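# Notes for the structure review
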Amino acid sequence: MSMRIRTSALTALAVAALAAGSVLAAPAAGAVSKAAAPKFLSASQLPPHPSSAWTAGPVKEGVPASLDLCFHTENVADYVYRHREFRTDVDTNAVQLTVVASTPALAKGLAKHYDDLFRTCADRLEAGSPDVDAEGRDYGKLSVEEGARVRGVNVETSGGANDVALMSVGRDGRTVTVVQWQQLGDFTGVPVAAFKKTTTTAVNKLY
């Protein structure tokens, strides 16, 4: 069973365990000025996979289901989200999300909100189901533009599923980007250094 399928199965756990957050006030999506759209990662900029090349999908509007494990837009104003999903021929996939706020201050609050979701993800998943054992890790900050932070989460279920994800939030001015890499297994051998490089590239590449 693929990581993506099992992640979808955990979506209900993530939503049920989501703590009520503060509403980030912002104008409607149409009120954000029409600036140049942020650029996305290419397949070659993902952490190298030992046995399969990455394939990049098209840039699409909205928030993809592949982010549902820890990420959620509940209690957030109506922003325009764009994303690009990546896949390999095996059990590893990734996604990048971008959102442009109307001011750098709103973007700063949005970045903190999403980093908080990743920081509390393991606790929320465990609180949502007695069948889940989750561990979160903080891999630290990155010095790029207005900053980025990398975290990780490993989720095991009583049914035998064992999945791991690396997640980051970064900001350049009023634009926030989220990057997530995920595959079967635990923290053993996860490409933290390569993912940090990917995150740095993602933030630098926005504009």
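A short tour of the structure in this document, coming up. Please read these numbers as outputs of a predicted model, since none were measured by experiment.

The rules behind the values
Residues numbered from 1 in each chain as written. Predicted model: local features only at pLDDT ≥ 70, side-chain atom pairs only at ≥ 80, totals over all residues. Heavy atoms only, no water. Helix = DSSP H or I, 4+ residues; strand = E, 2+ residues; numbered from the N terminus. Buried < 20%, exposed > 50% of the residue type's maximum accessible area, 1.4 Å probe, protein only. Contact = heavy atoms within 4.5 Å. Areas by Shrake-Rupley, 256 points an atom, 1.4 Å probe, with all protein chains shown as cover. Disulfide = S-S within 2.5 Å. Expected span 1.5 Å × (residues − 1). Arc of directions from axis to C-beta. Salt bridge = Lys/Arg side-chain N within 4 Å of Asp/Glu carboxyl O.

Okay, the overall build of the protein next. For the protein, the helix and strand inventory stands at 4 helices and 7 strands. For the protein, the succession of helices and strands along the chain, N to C, is α-β-β-β-α-α-β-β-β-β-α. A burial count over the protein gives 48% of its 207 residues as buried. By sequence separation, contacts in the protein at least 24 residues apart represent 66% of the contacts at least 6 residues apart. Carbon and sulfur atoms make up 53% of the accessible area of the protein, which amounts to about 9200 Å² in all.

Let's shift gears to the state of the cysteines. Scanning the entire structure with this criterion turns up 1 disulfide. One disulfide bridge connects cysteine 70 with cysteine 121, the sulfur atoms lying 1.9 Å from each other. Here the S-S torsion is close to -70°, and the disulfide linking cysteine 70 with cysteine 121 is therefore left-handed. In this pair, cysteine 70 sits in the loop between strand 1 (55-61) and strand 2 (81-87) while cysteine 121 sits in helix 3 (residues 121-128), placing the two residues 51 residues apart along the sequence. Accessibility assignment for this pair places cysteine 70 and cysteine 121 in one class, buried.

In this section: helix 4 (residues 192-205). Its 14 residues give helix 4 an end-to-end C-alpha distance of 20 Å, which sits within 8% of 20 Å, the value for a rise of 1.5 Å per residue. The complete set of buried residues in helix 4 reads Val192, Phe195, Thr198, Thr199, Ala202 and Val203. Buried residues of helix 4, seen end-on, are gathered within an arc of 130° and therefore sit on one face of the element. Residues of helix 4 that are exposed and angled more than 90 degrees away from the buried face: Ala193 and Lys197.

With that out of the way, let us pick up the pattern of salt bridges. Counted by the stated rule, this structure contains 8 salt bridges. The salt bridge partner of aspartate 89 is arginine 87, with a shortest N-O separation of 3.7 Å. What makes arginine 87 partly exposed here is its relative accessible area of 43%. Of the charged contacts in the structure, one is a salt bridge between aspartate 116 and lysine 112, with a shortest N-O distance of 2.9 Å.

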